[in-house]
Amino acid sequence: MTGRAVPAPCRIAATTFALVLLVAQAAPALAQGLPTPIASIDVDAEPLSPWTMIQHADLVVQSVMGGLAFASLVTWTIWLAKTMELAAARRKAGAATRRLAEADSLDQGLRALDHGWTRNGPVADLAQAAAMELRRSADLPADGVKERLAIALARIEARAGRAMARGTGVLATIGSTAPFVGLFGTVWGIMNAFIGISETRQTSLAVVAPGIAEALLATAIGLVAAIPAVIIYNHFARLIAGYRAQLADAGAELLQHVSRDLDRAHAAAPPPAARRAPQLAAAE
């Protein structure tokens, strides 16, 4: 039977729980270990709080917590910047697409986009690419014009999508690595808890609890940094997919305008027999 992959947060929680059980079961045996100086928290002198645990944690654990806090700050900074960027880009693309849909030809669409905030942006680039392809292919068959224009529009859409997705890869990295970085801090903290037990040669809960609490705090901070990063990344992935769909709609409107203009030009041109008649009369 094929087993199903266990999500990373579940693996982290299970590993942390196993480490806590290991400390609880092995504490009596470690009471006779090698004594090594270690900072401990006097729960009678000051209350046991997250800030107190951070202050008394090992330098390695403090470094892990600081790195995870910085990663969380980066996550929320990207969220704020990318939210404003995506909102503005989607509003602009929607307005530009509506202007193209209201136009009757490519020239009218270009004039409609040349006013206000729709003058710049991916939709304006799509329209300019359509006009440039028509100029370059003025004497070529219509089918080839449409094919080359579709390729050019697809490249512009892909480039705009990549530009909008820039920065979201950091969120994926934080979401996938932060729990494991926090677990590393937990492992290191539990190692120090073992050393503290060997130093005091006591296995009471008052001796063991501060070290374990410090260790678990690193995993907690890792989850606090990872969970929002994963949620925000998935949210941006959906928004960027919708933005690319808007650009695809604008490209479809431009292809319709180009196809319509080409058909009009073909219908307005005289038939081949009518063009040959004046030439034959001049030759006679």
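Looking up the chain in an unreviewed UniProt entry gives the name Biopolymer transport protein ExbB, with the organism given as Kaistia geumhonensis. Taken verbatim from the UniProt record of the chain, the Subunit (unreviewed entry) comment is "The accessory proteins ExbB and ExbD seem to form a complex with TonB."

Peer 1: Where do I start with the side chain of H257 in this structure?
Peer 2: Here H257 lies in helix α8 (residues 205–268). The exposure class assigned to H257 is buried, which follows from its relative accessible area of 2%. One polar contact links the side chain of H257 to the main-chain carbonyl oxygen of L100, over a distance of 2.7 Å. If we ignore the near neighbours within four places in the chain, the residues touching H257 are L100, A103, D104, S105 and L106.

Peer 1: Just to check I follow, could you spell out the layout of surface pockets for this structure?
Peer 2: The calculated volume of the second largest pocket comes to roughly 260 Å³. Contributing to the lining of the second largest pocket are L134, S137, A138, D139, L140, P141, A142, D261, L262, D263, A265 and H266. No other element matches α8, which puts five residues into the lining of the second largest pocket. Here the residues of the lining of the second largest pocket sort into seven nonpolar, two polar and three charged.

Peer 1: What is the right way to read the nonpolar core from this model?
Peer 2: Ranked by internal contacts, the top residues of the largest apolar core, which has 32 residues, are L86, V123, Y243, L254 and V258. Those elements that provide at least two residues to this core are α3 (59–102), α4 (106–113), α5 (122–136), α6 (142–165) and α8. Among the elements that make up this core, the one with the highest residue count is α8 (10 residues). Every residue in contact with Y243, bar those within four places of it in the chain, is listed here: L86, A89, R90, A93, P122, A160 and M164. Judged by nonpolar contacts, the second largest core, of 13 residues, contains M65, L68, L217 and I221.

Calculation rules
- Residues numbered from 1 in each chain as written.
- Predicted model: local features only at pLDDT ≥ 70, side-chain atom pairs only at ≥ 80, totals over all residues.
- Heavy atoms only, no water.
- UniProt positions renumbered as here; feature names shortened; annotations may be inferred.
- Helix = DSSP H or I, 4+ residues; strand = E, 2+ residues; numbered from the N terminus.
- Buried < 20%, exposed > 50% of the residue type's maximum accessible area, 1.4 Å probe, protein only.
- Polar contact = N/O pair within 3.5 Å; in protein donor to acceptor, adjacent residues only side chain to side chain.
- Contact = heavy atoms within 4.5 Å.
- 1 Å grid on protein atoms, 1.4 Å probe; cavity = no way out; pocket = protein on both sides within 12 Å on 5 of 7 lines; lining within 4 Å.
- Points joined across faces, edges and corners; volume = space filled by probe spheres on them.
- Nonpolar A, V, L, I, M, F, W, Y, C, P; charged D, E, K, R; others polar.
- Core = buried A, V, L, I, M, F, W, Y, C linked by side-chain atoms within 4.5 Å.

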